[in-house]
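Chain by chain, the residues:
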Amino acid sequence: MDTNNNDAALQEKLSFDNFRNAVLKDYQVACESRETSLLGRREVLTGKAKFGIFGDGKEIAQVAAAKFFKPGDFRSGYYRDQTFMFANGLATVEQFFSQLYADPNVEHDPFSAGRQMNAHFATKFVNEDGDWLNLAQLKNISSDIAPTAGQMPRALGLAYASKAFRKIKELGSFTNLSNNGNEVCFCTIGDASTSEGHFWETINAAGVLQVPLAVFVWDDGYGISVPKKYQTTKASISDALKGFQKKEDTNGIDIYKLKGWDYAGMCEILEPAIQKIRDTHTPAIFHVEEITQPQGHSTSGSHERYKTPERLEWEKEWDGLKQMREWVIANALADEEELIKIETDATQFVKESKQRAWSKYIEPVKTLVAETIEKLSALQSNAGVKKLADDLAALREPMRRDVMKALAAALDIVRNDIAANELREYYSKLKITNAAVYNSYLYNEGPKSALKVAPNMPVYADDAATVNGYEVLNKYFDELFTTNNRVVAFGEDLGHIGDVNQGFSGLQEKFGIDRIFDTGIREITIMGQGIGLALRGLRPIAEIQYLDYLLYGLQPLSDDVCTTHFRTAGQQSCPLIVRTRGHRLEGIWHSGSPMGMIINALRGMYVCVPRNMVQAVGMYNTLLQANDPALVIECLNGYRLKEKLPANLTDYTVPLGIPEIVKEGTDVTIVTYGSTLRIVLEATETLDKMGISSEVVDVQTLLPFDINHSIVASLKKTNRIVFVDEDVPGGAAAYMFNKVMEEQGGYKYLDVSPRTITGKAHRPSYGSDGDYFSKPNTEDIVAVIKEMLSE
Ligand SMILES: Cc1ncc(C[n+]2csc(CCOP(=O)(O)OP(=O)(O)O)c2C)c(N)n1
Ligand SMILES: [Mg+2]
């Protein structure tokens, strides 16, 4: 009896000690984080870093939230979350400063290798070979982006992936990627950013889909200087969202209000709430109110300009650190002395971390400067060079660009002097090293590069069937979903009816509603759903119903997908395939071909423009073997054209960046792609009859473009070239022109001036006549080429 009592007392003491220690650890992290903000701002104001944005004021809310972030979970957040990162052991203060200094060494700034502004975090998802790590056992941070609310669509997708893993039985074996879909996506957003459409689209989709999404709104009452009365209906996001509240017999979201300074209150609400999200996949929003921002928005301005003295006073009083400190004392968890020790230790720790980060950042640059000065000293006899070396040596905080500028200037002075040969070589070598540091990883460069997929020709049986274009796709997707469990496809009208052109007809019935499904009309979050699935190791094919509506989904692609690999220095990959259909059909919004816009906005994705469905399938196969994201634009008017059905549907590949000569000729090279190719071929029949022999090149992919420079080879033969597409003047035709003339040196082989033939600047008029007079037509092409031949 006695022993039992002792045990119970001991247990109680232990659990009290554990509790006390955990609280004090949280207070310590909060203090370190605050100190990081204060010191970080100073580093910017004294010129050691360019810009700084910090998480001061959110410390207490974030140590509370971090308690419930488990291995396997994901975060999709924004730049205020340093405390959450520190509390989870996913960032150190030293790493935080390394990023502030833009240290390009990925071991120092493991979030972005100096490529991102500070407080833009990430963890590693893929290894150097492009294989996914064991994400189910890691705490995962999808790489932050600066566009406000840009994290929302991705958050939906990361949460949605848990649902996919839980529902799709074929995914059961991917235990490295998910533990039965138990992973919650923690999403953070500022109060003002909830004004963005992205926020509303995401919340609505989450309420419909029922996914494990926990949205934290850090509400400090301002978006930079604009108060929430100008941002949000009723100046309260939780009040405005009330109609979304889930009830017993409805879908929807749970809504909680928290106070950002109330450590105990937040922990109490969050523990069961996060567990409910994990268990039931009911999304929730945590409106964290009464948050402060002691240093104002960022280093770019001061908040005294827009906050009243009363507000500033209130912020001091309700500072989370102060409140937590009082709570700790009031509950006798620590005494004044203990807390002062935590606070002074924090100050010291942050100072030392900062110093370590600075020396790690500056030492390699100083070494480079010393090496450069030594190289320059070989030419010391030249007074100009000597001055350059002296100036470089005098810089207290030199940068790599100072070295490059000094070297370029020195080489300019000494010109062809052979004594400068070594210097010239050194300069060239540094250019290459710097390019590797600053310009790499836009696409996968390792074994998972789409450009490394081996080409494999389609094979045709002797009695190969001739079928409609859509049937080629339909049979392909049928085989693909049978052989590749990681593929899911979704979009508007894609599930039940099998897409508006029947590519997926009958396949939902066969493969289930969780692998092939309909979505709401919400292109931004369809892209987000794809992003999240792709980041978590699946192979989503996300559909945009018509190319014209890609514009709605373009922001997540351009800002998020295209930069993922680059901004994480290759540590995250987003192998999303966006499928759409476009080019000419009818009317202003069903016939667009805004390829110039697309290829400019989507560097970082590949852009495939197959001329028919057999080519499209080969491109899908190529992409599915690699980790690069891509857009595939099928020809809207090609679904009912007849094509021969290959026998090796899921095996053959179309290599990216390799044009195909679809008709050989000697007088003129015509470069084109997509639907226009058929118009061009029609024109060449007329030209043939006139005795003009034309060579027609299908570029097949615009990104990448003709990587082996095969088009200039054709031009060498014909000495005449014309680029044809149905984009606006100066769009993708001008891009192809530039590639061949400048990059491939095509200008050297011209007998007559090169031409572009494009659509008109306006959107196409309706009907077949509208099409004829708006887009390039056969007669226009014939006329231009006749003119070229007579020059
Ligand atoms: C799409 C977009 N518009 C504008 C900006 C510039 N900007 C950066 S932060 C910010 C205010 C965000 O306020 P809030 O969401 O409340 O977050 P807080 O900084 O207050 O935590 C603005 C307007 C941006 N980054 N992205
Ligand atoms: Mg705000």
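Everything quoted here is computed from the prediction, not taken from an experiment.

A. Main features of the packing of helix α15 (residues 469–483) against helix α20 (residues 613–624). Here α15 crosses α20 at 25°, and the two axes come no closer than 8 Å. Considered as vectors, α15 and α20 are oriented roughly parallel to each other. Between α15 and α20 lies a crossing whose hand is right-handed. Judged by residue contacts, Gly469, Tyr470, Val472, Leu473, Tyr476, Phe477 and Leu480 of α15 engage Met613, Val614, Val617, Tyr620, Asn621 and Leu624 from α20. Residues belonging to the contact of α15 with α20 are distributed by class as follows: 11 nonpolar, two polar and no charged.

B. Seen up close, the pairing of strand β3 (residues 185–190). Most of β3 is tucked away, with six of its six residues classed as buried. Alternating positions in β3 separate into two faces, Cys185, Cys187 and Ile189 on one and Phe186, Thr188 and Gly190 on the other, with burial throughout. Direction of pairing for strand β1 (residues 74–76) relative to β3: parallel, over a ladder of three bridges. Residue pairing across strands places Phe74 opposite Cys185, the latter belonging to β3. Pairing of β3 with strand β4 (residues 213–218), which is carried by six bridges, proceeds in the parallel orientation. Across the sheet, residue Cys187 finds its bridge partner in β4, namely Val215. Taken together, β3, helix α6 (residues 197–209) and β4 constitute a β-α-β crossover, and its handedness is right-handed.

C. Looking closely at the packing of aromatic side chains. In the structure shown here, the tally under the stated rule is 37 aromatic pairs. Their ring planes at 90° and their centres at 6.0 Å tell us that Phe481 and Phe504 sit as a pair that is edge-to-face. Linking Phe481 in helix α15 with Phe504 in the loop between β10 (487–491) and α16 (507–511), this pair joins segments that are 23 residues apart in sequence. Residue classification places Phe481 among the buried residues on the basis of a relative accessible area of 1%. For Phe504, a relative accessible area of 0% corresponds to the buried category. A network of ring pairs unites the aromatic residues Phe54, Phe86, Phe96, Phe97, Tyr101, Phe111, Phe121, Trp358 and Tyr361 as a single cluster. Against the face of Trp358 rests Lys48, its NZ or CZ located 4.7 Å from the ring centre. Over the face of the ring belonging to Tyr426 we find Lys375, whose NZ or CZ atom lies 5.1 Å from the ring centre.

Conventions used here
Residues numbered from 1 in each chain as written. Chains lettered and ligands numbered in written order. Predicted model: local features only at pLDDT ≥ 70, side-chain atom pairs only at ≥ 80, totals over all residues. Heavy atoms only, no water. Axes fitted to C-alpha atoms, helices over the stretch in contact; angles between N-to-C directions. Helix = DSSP H or I, 4+ residues; strand = E, 2+ residues; numbered from the N terminus. Parallel < 35°, antiparallel > 145°, perpendicular 65-115°, else oblique. Left-handed = near helix turned anticlockwise from the far one by under 90°. Contact = heavy atoms within 4.5 Å. Nonpolar A, V, L, I, M, F, W, Y, C, P; charged D, E, K, R; others polar. Buried < 20%, exposed > 50% of the residue type's maximum accessible area, 1.4 Å probe, protein only. Pairing = 2+ DSSP bridges. Right-handed = clockwise from strand over helix to strand, strands pointing away. Phe/Tyr/Trp six-rings, centres within 6.5 Å; stacked < 30°, edge-to-face > 60°. Lys NZ or Arg CZ within 6 Å of the ring centre and 35° of its normal.

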